[in-house]
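Each chain, written out:
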Amino acid sequence: MAIVETEALSKVYGEGEARVCALDGVDLSVQPGEFVAVMGPSGCGKSTLLNMIGGLDRPSSGHVRIDGSDLTELTDDKLTELRRRRIGFVFQFFNLIPVLDAVENAALPLTLDGDAKARDKAQAWLERVGLGDRLKNRPDQLSGGQQQRVTVARALSTEPALVLADEPTGNLDSKSATEIALLLQQVARDWGRSVLMVTHDPRIASFAQRLVLMKDGKIVDDVPLDGTHESARVAMEKSGLL
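Here goes a summary of the coordinates provided.

Conventions we followed
Residues numbered from 1 in each chain as written. Predicted model: local features only at pLDDT ≥ 70, side-chain atom pairs only at ≥ 80, totals over all residues. Heavy atoms only, no water. Axes fitted to C-alpha atoms, helices over the stretch in contact; angles between N-to-C directions. Helix = DSSP H or I, 4+ residues; strand = E, 2+ residues; numbered from the N terminus. Parallel < 35°, antiparallel > 145°, perpendicular 65-115°, else oblique. Left-handed = near helix turned anticlockwise from the far one by under 90°. Contact = heavy atoms within 4.5 Å. Nonpolar A, V, L, I, M, F, W, Y, C, P; charged D, E, K, R; others polar. Salt bridge = Lys/Arg side-chain N within 4 Å of Asp/Glu carboxyl O. Buried < 20%, exposed > 50% of the residue type's maximum accessible area, 1.4 Å probe, protein only. Core = buried A, V, L, I, M, F, W, Y, C linked by side-chain atoms within 4.5 Å. 1 Å grid on protein atoms, 1.4 Å probe; cavity = no way out; pocket = protein on both sides within 12 Å on 5 of 7 lines; lining within 4 Å. Points joined across faces, edges and corners; volume = space filled by probe spheres on them. Pairing = 2+ DSSP bridges.

### Notes on the packing of helix H3 (residues 102-112) against helix H4 (residues 118-128)
Moving on, step 1. At a minimum axis separation of 8 Å, H3 and H4 run at an interaxial angle of 125°. Here H3 is positioned oblique relative to H4, judged by the angle of their axes. Our pair here, H3 against H4, has a crossing hand that is right-handed. Residues Ala102, Val103, Glu104, Ala106, Ala107, Leu110 and Thr111 of H3 lie in contact with H4, whose contacting residues are Ala118, Arg119, Lys121, Ala122 and Leu126.
Moving on, step 2. Residues that form the contact of H3 with H4 fall into these classes: eight nonpolar, one polar and three charged.

### Section: the pattern of salt bridges
Moving on, step 1. Throughout the structure, instances matching the rule amount to 18 salt bridges.
Moving on, step 2. Notably, a salt bridge pairs Arg84 with Asp113, separated by 2.8 Å at the nearest N-O pair. Note that Arg84 is positioned in helix H2 (residues 76-86) and Asp113 in the loop between H3 and H4, a separation of 29 residues in sequence.
Moving on, step 3. Note that Arg85 is salt-bridged to Asp113, the shortest N-O span being 2.9 Å. With Arg85 in helix H2 and Asp113 in the loop between H3 and H4, the pair connects residues that are 28 residues apart, well separated along the chain.
Moving on, step 4. The exposure class assigned to Arg85 is partly exposed, which follows from its relative accessible area of 37%.
Moving on, step 5. Shared partners join several salt bridges into a network, and the residues in it are Glu81, Arg84, Arg85 and Asp113.

### Things to note about the nonpolar core
Moving on, step 1. If you look at the biggest cluster of nonpolar residues, it comprises 49 residues, and the most contacted ones within it are Phe35, Leu126 and Leu211.
Moving on, step 2. Looking at this core element by element, the count peaks at seven residues for helix H6 (residues 174-189).
Moving on, step 3. Among all residues touching Leu126, those that are not within four sequence positions of it are Ala102, Val103, Ala106, Leu131, Gly132, Leu135, Val150 and Ala153.
Moving on, step 4. Cys44, Ile66, Leu82 and Leu162 belong to the second-largest nonpolar core, a separate cluster that totals 28 residues.

### Some details on the layout of surface pockets
Moving on, step 1. Taken as a whole, the largest pocket spans an internal volume of roughly 400 Å³.
Moving on, step 2. Where the lining of the largest pocket is concerned, the elements lending two or more residues are H2, strand E6 (87-91), H3 and helix H5 (144-156).
Moving on, step 3. Looking at the lining of the largest pocket element by element, the count peaks at four residues for E6.
Moving on, step 4. Among the residues making up the lining of the largest pocket, the classes are represented as eight nonpolar, five polar and three charged.

### Some points on the environment of Gly145
Moving on, step 1. Assignment of secondary structure puts Gly145 in helix H5.
Moving on, step 2. Residues Gly145 and Asp173 lie 28 residues apart in sequence; the distance between their C-alpha atoms is 8.3 Å.

### With respect to the side chain of Thr48
Moving on, step 1. Its location among the elements puts Thr48 in helix H1 (residues 46-53).
Moving on, step 2. In this structure Thr48 comes out as buried when scored by relative accessible area, which is 14%.
Moving on, step 3. In this structure Thr48 touches Lys11, Tyr13, Ala22 and Leu23, once residues within four positions along its chain are discounted.

### A closer look at the sheet that holds strand E3 (residues 35-39)
Moving on, step 1. Spatially, six strands are ordered E6-E7-E8-E3-E9-E10 in an open sheet, and the strand pairing comes out mixed. Two strands in the sheet have a free side with no partner beyond their single neighbour: E6 and strand E10 (218-224). With strand direction ignored, the average angle separating the axes of adjacent strands in the sheet is 20°.
Moving on, step 2. Looking at chain direction, E3 and strand E9 (residues 210-215) are connected through four bridges and run parallel. Opposite Val36, over in E9, you have Arg210 as the bridge partner.

Printed below as a string of structure tokens:
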């Protein structure tokens, strides 16, 4: 069963002359353990798509199913619960709490959920993402790449089925960006989570298994990637997006 499934997903903002169709009948599926990148020009609807799939916004029409649950049928409380337990989020801006150390930041979703083993689980994930020697460091004592690793550990601490990454390398230098792309690859390949990543960087997209290309709120292409660093750029050129 697909971890992510959208069906005729649409989102409209405003009315009359101010009406904007941000998503226009999008059908998309992501399988367990699959790493999918989404690209397209600014304003094409890729972040809106991620927000719909993450339950951060409600669609105007259509359906979003996460791990078999239709988000459009859930109450706000049930949606919050599913979002906290089944979806991990990684954003461009790390959204770490400055006064908390790495373990406390990574444990936050579990702490909010009342999990007695929150710290132990967070520490285990921090060690897996390569931060075993930075457990007591606060965000201002970590590099950008290390801070993003904390957010990945935080996203994984609840053992989600799906990780949503919105421009996860947008705030990083080239070396750190590559390391985070490799880490997300590992999240899917070795740890079995589905990863759906929005990015503007073809080089970072090339680490994914599949590339979904969007324009004007629609999916215009959906292609497998071969692992070469030029694969995403070539796919964009073929679709006329570069």
